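These are the residues of each chain, in order.
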Amino acid sequence: MAEAGPGPGPGPGWLEQLKSCFAWSGTSPWTLWLFALLCLAGVLRLPLRISDNLSTVSMFLNTLTPKFYVALTGTSSLISGLILIFEWWYFRKYGTSFIEQVSVSHLRPLLGGVDNNSPNNSNTSNGDSDSNRQSVSECKVWRNPLNLFRGAEYNRYTWVTGREPLTYYDMNLSAQDHQTFFTCDTDHLRPADASKQMNSCQEVMQKAWRERNPQARISAAHEALELNECATAYILLAEEEATTIVEAEKLFKQALKAGEGCYRRSQQLQHHGAQYEAQHRRDTNVLVYIKRRLAMCARKLGRTREAVKMMRDLMKEFPLLSMFNIHENLLEALLELQAYADVQAVLAKYDDISLPKSATICYTAALLKARAVSDKFSPEAASRRGLSTAEMNAVEAIHRAVEFNPHVPKYLLEMKSLILPPEHILKRGDSEAIAYAFFHLQHWKRVEGALNLLHCTWEGTFRMIPYPLEKGHLFYPYPICTETADRELLPSFHEVSVYPKKELPFFILFTAGLCSFTAMLALLTHQFPELMGVFAKAFLSTLFAPLNFVMEKVESILPSSLWHQLTRI
């Protein structure tokens, strides 16, 4: 039996047109509403007495005194000024416009905005997944390898200035690091031959690392030492109670003695089970931390060669523990000794494409290349004869470093004031720039002409990356999350460096113009009331002229009895 053919009716083309019409009406509802409103006003012009009401409004406006206009413009100026102040404060604190954020978040969906969860947008987001993952990884907060001592350095700053150099967020991250490095889940399940004093000591220190009050942490460390020689208790006292580097070094030496004993015992038992392996990993972290801090103490006390030897030995003994970034401590100490060949050897090992970059790596490489040409570099001579090969290499290295972290040059060139570096940094952010410049500014000053070369060339980087948030030159696009994270890491009295520089939002400019305009109108109306009254009446009559013209045309087109005919129906 043959299949029946399609009957008469609308074809698929007509259906597609109908669907597109409904889709257009869904995306442009306000156009339909406006058209319907105009038609309704034309039909109901007689029952609503629109013409009479307009005449009444015109008569009311003509009877207003200049004092009313002064009060109106003055109030408008005050309100717009308050909005301007709030918008400016919100922009300085959060980096965005409050009105713009509210309109995008709440009003845009009501006005028929595009849904971010639509399939079309999901395809685009999937295409950019690699860049997004890279941006998230670059926004990871890292432990500052050159962080200062709380008791001997940060607290002294607080005693002198009355300011807190560390934020709560930064100190909370440090507390989490200490719990990760210095404790393990099996501390209460230590080997049978371990004494009860050792068990109690570890339990007390577990509580100490969780304490928020510094005095409570210090008291807990002393309590742990009364039970047994505990390496982590000495670490806490060296970090937070010692008021000088000499005192901190003595406590770290005592911690080293206790830590080495725990490390040897756990090393013998590490293959006996998971709990022993976890304890050995914890004891390894404790030992590496103590030796690194002892090397930093030697560096701060002027024994730089001893510090370099300790760092080299530590890197040879524990080559897989790269999370402490000991090579950055080594680079800074070698630069202090002006051992540039050794610095180059360290860079050759760690400035690799497979390893994560840092400002220390990039800017130290730029410093070494700038050192070869900076003493004879002259911008006037370079503009006449062009750049030599060595100068071109130095400029390219500077551009590479600036692209990685564009905040550093302002601190090296002393265009922006330095503060104490935080305990954690965000790579490519302002916090990393502060940490680098705080320790390496002296090394740039020591190389003759290096800062002059940096001053002449660093801004040229931005011509190669006109849209840094979308596409980079040598690195991935600059992450957009650095400003938010840096505001959490850096103290409130520091003005966070923002890149790329944000332009003022439209609504701040608009409210500023509105405030100025209404204030000027209030002043003119107060000084020249009669003249401004005539001007206001002329302006209002001109403003309502198009509406009166449209109403006259509607009256001429539609019959006056249309409403009565509709009521009869």
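Residues numbered from 1 in each chain as written. Predicted model: local features only at pLDDT ≥ 70, side-chain atom pairs only at ≥ 80, totals over all residues. Heavy atoms only, no water.

A tally of helices and strands in the protein yields 28 helices and two strands. The buried share of the protein, taken over its 569 residues, is 41%. The long-range share in the protein, meaning contacts at least 24 apart out of those at least 6 apart in sequence, stands at 72%. (Helix = DSSP H or I, 4+ residues; strand = E, 2+ residues; numbered from the N terminus. Buried < 20%, exposed > 50% of the residue type's maximum accessible area, 1.4 Å probe, protein only. Contact = heavy atoms within 4.5 Å.)

Moving on, we get to the packing of aromatic side chains. Under the counting rule described, the total for this entry stands at 11 aromatic pairs. An angle of 65 degrees between the planes, with centres 5.3 Å apart, marks the rings of Phe404 and Phe475 as edge-to-face. You can see Phe404 sitting in helix H20 (residues 389–404) and its partner Phe475 sitting in the loop between helix H24 (461–464) and helix H25 (482–489), a full 71 residues away along the chain. In terms of burial, Phe404 and Phe475 fall into one category: buried. An aromatic cluster is defined as three or more aromatic residues linked by ring pairs; in this entry it consists of Phe181, Phe182, Trp209 and Tyr289. The lysine or arginine in question, Arg293, covers the ring of Phe149, its NZ or CZ lying 4.0 Å from the ring centre. (Phe/Tyr/Trp six-rings, centres within 6.5 Å; stacked < 30°, edge-to-face > 60°. Lys NZ or Arg CZ within 6 Å of the ring centre and 35° of its normal.)

Two side chains that carry opposite charge are able to pair once their charged atoms sit near each other. One pass over the structure, following the stated rule, counts 20 salt bridges. For the salt bridge of Arg150 with Glu240, the shortest nitrogen-to-oxygen distance reads 3.8 Å. Here Glu240 lies in helix H12 (residues 231–240) and Arg150 lies in helix H8 (residues 150–161), a separation of 90 residues in the sequence. Taking relative accessible area as the criterion, Glu240 reaches 10% and is therefore assigned buried. Here Arg303 ties to Glu306 by a salt bridge, and the two come within 2.7 Å at their closest N and O atoms. On the basis of relative accessibility, which here comes to 36%, the residue Glu306 falls in the partly exposed class. One continuous salt-bridge network, built from bridges that share partners, spans Arg150, Arg217, Glu240 and Glu423. (Salt bridge = Lys/Arg side-chain N within 4 Å of Asp/Glu carboxyl O.)

Moving on, we get to the nonpolar core. Of all hydrophobic cores here, the largest spans 97 residues; its most connected members are Met205, Ile235, Phe252, Ile290, Tyr363, Leu412 and Trp444. Sequence-distant contacts of Phe252, defined by excluding residues within four places in its chain, comprise Phe149, Ile235, Ala238, Glu239, Tyr289, Ile290, Arg293, Leu294 and Cys297. In this structure, Leu146, Leu148, Tyr154 and Leu166 belong to the second largest nonpolar core, which totals six residues. (Core = buried A, V, L, I, M, F, W, Y, C linked by side-chain atoms within 4.5 Å.)

Time to look at the confidence of the model for the protein. Predicted confidence across the protein gives a mean pLDDT of 78, with 73% of residues reaching 70 or more. Here residues 1–12 is a poorly scored stretch, pLDDT under 50, and it has zero contacts once near neighbours within four places are set aside; other chains count. In the predicted structure, residues 189–196 sits below a pLDDT of 50 and forms 11 contacts with residues beyond four places in sequence or in another chain. (pLDDT = per-residue confidence, 0-100.)

So, on to the side chain of Thr364. Among the secondary structure elements, Thr364 is positioned in helix H18 (residues 359–371). You can call Thr364 buried: its relative accessible area is 1%. Discounting residues that sit within four places of it in the chain, Thr364 has contacts with Leu335, Val343, Leu347, Ala359, Tyr436 and His440.

Here we come to a nonpolar patch on the surface. A cluster of nonpolar side chains, contributed by Phe517, Met520, Leu524, Phe528 and Leu531, occupies part of the molecular surface with about 490 Å² of accessible area. At three residues, the largest contribution of residues to the nonpolar patch is made by helix H26 (residues 506–527). By secondary structure assignment, the location of Leu524 is in helix H26. Residue class for Leu524 comes out partly exposed when judged on its relative accessible area of 31%. (Patch = residues over 30% accessible without salt bridge, like charges linked within 9 Å, V, L, I, M, F, W, Y side chains within 5 Å. Areas by Shrake-Rupley, 256 points an atom, 1.4 Å probe, with all protein chains shown as cover.)

Take unusual backbone geometry next. In this model, Gln338 sits at a positive phi of 60 degrees, which is unusual for a non-glycine residue. Backbone geometry at Glu414 places phi at a positive 60 degrees, although glycine is not the residue there. A residue is classified by how much of its surface remains accessible, and Glu414, at 53% relative accessible area, is exposed.

A few words on helix H17 (residues 340–350). For H17, every residue scored as buried is listed here: Tyr340, Val343, Val346, Leu347 and Tyr350. Buried residues of H17, viewed axially, fall in a sector of 115 degrees; they line one side. The exposed residues of H17 that point more than 90 degrees off its buried face are Ala341, Ala348 and Lys349. Residues of H17 that are buried make contact with helix H15 (304–317), helix H16 (326–336), H18 and helix H22 (430–446). (Arc of directions from axis to C-beta.)

For the rest of this paragraph, the subject is the environment of Ala221. Its location among the elements puts Ala221 in helix H11 (residues 214–227). Take Ala221: its relative accessible area is 0%, and that puts it in the buried class. On a C-alpha basis, the gap between Ala221 and Ala231 in space is 10.0 Å, while along the polypeptide they are 10 residues apart. Setting aside residues up to four positions removed in sequence, Ala221 forms contacts with Met205, Ala233, Leu236 and Leu237.

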